[in-house]
Amino acid sequence: MLLLIGGRATFLGDDPGAAALFGMAMNGTMWGTLNGFLHAAALLSSQGVEVKRFVEAASASLTGLLGYLPSLAEEVDRGEYAVPFGALKHHLPAAEDLVRESRERGIDVEFPACTAELVRAAVRAGHGDDSYSRLVERFRAGAS
């Protein structure tokens, strides 16, 4: 009966706080995605590029990114981050370029600078050959 009323539901265990935490995690994912998109929109519109045109052109890449999340989730769940491609050391120059380009165009750099620093810190700590999922450890360390 509850399934009929509540629609799609996932049982997360006996802890009633798990459902609230699940919702907060969804909000965090949503806001991170929206903020990344809006930063991109500010950057593109500074050059006169229609943001709608970007969405149309980037649609396949963004869909592919969603398809990549299960792989990242598996790495996080296993605690194993080494990868044959897509290592953090390859993300760092692009993240730094985004900060530089944003600054040169007068676009706020706080959001991409945070990303660049997360990647930079992981590379400095000897994790340059690891997957982007390695950054979960940095988020976890923030609580200590």
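About the criteria used
- Residues numbered from 1 in each chain as written.
- Predicted model: local features only at pLDDT ≥ 70, side-chain atom pairs only at ≥ 80, totals over all residues.
- Heavy atoms only, no water.
- Salt bridge = Lys/Arg side-chain N within 4 Å of Asp/Glu carboxyl O.
- Buried < 20%, exposed > 50% of the residue type's maximum accessible area, 1.4 Å probe, protein only.
- Helix = DSSP H or I, 4+ residues; strand = E, 2+ residues; numbered from the N terminus.
- Core = buried A, V, L, I, M, F, W, Y, C linked by side-chain atoms within 4.5 Å.
- pLDDT = per-residue confidence, 0-100.

**Student:** Can you explain the pattern of salt bridges? Please cite residues and give values.
**Tutor:** Counting across every chain of the model gives 10 salt bridges. In this structure, Arg105 engages Glu101 in a salt bridge whose closest nitrogen and oxygen atoms are separated by 2.6 Å. Residue classification places Arg105 among the partly exposed residues on the basis of a relative accessible area of 33%. Glu101 sits in the partly exposed class, given a relative accessible area of 30%. Across the salt bridge formed by Glu117 and Arg120, the nearest N and O atoms sit 2.6 Å from each other. Residue Glu117 and its partner Arg120 are located together in helix α5 (residues 110–127), separated by three residues, close to a single helical turn. Exposure remark for Glu117: the relative accessible area of 32% places this residue in the partly exposed category. Several salt bridges share partner residues, and in doing so they unite Glu96, Glu117, Arg120 and Arg124 into one network.

**Student:** Quick one: what's the story with the nonpolar core, residue by residue and with numbers?
**Tutor:** Membership of the largest hydrophobic core is limited to six residues, which are Leu88, Leu92, Leu118, Val119, Ala122 and Leu135. Elements that contribute at least two residues to this core include exactly α4 (88–104) and α5. Ranked by the residues each element gives to this core, the list is headed by α5, at three residues.

**Student:** Please give an account of the confidence of the model for the protein chain that cites residues and values.
**Tutor:** Overall, the prediction assigns the protein chain a mean pLDDT of 91, with 93% of residues at 70 or greater. Ranking the helices and strands of the protein chain by mean pLDDT puts α4 first, with 97, and helix α1 (residues 2–6) last, with 57.

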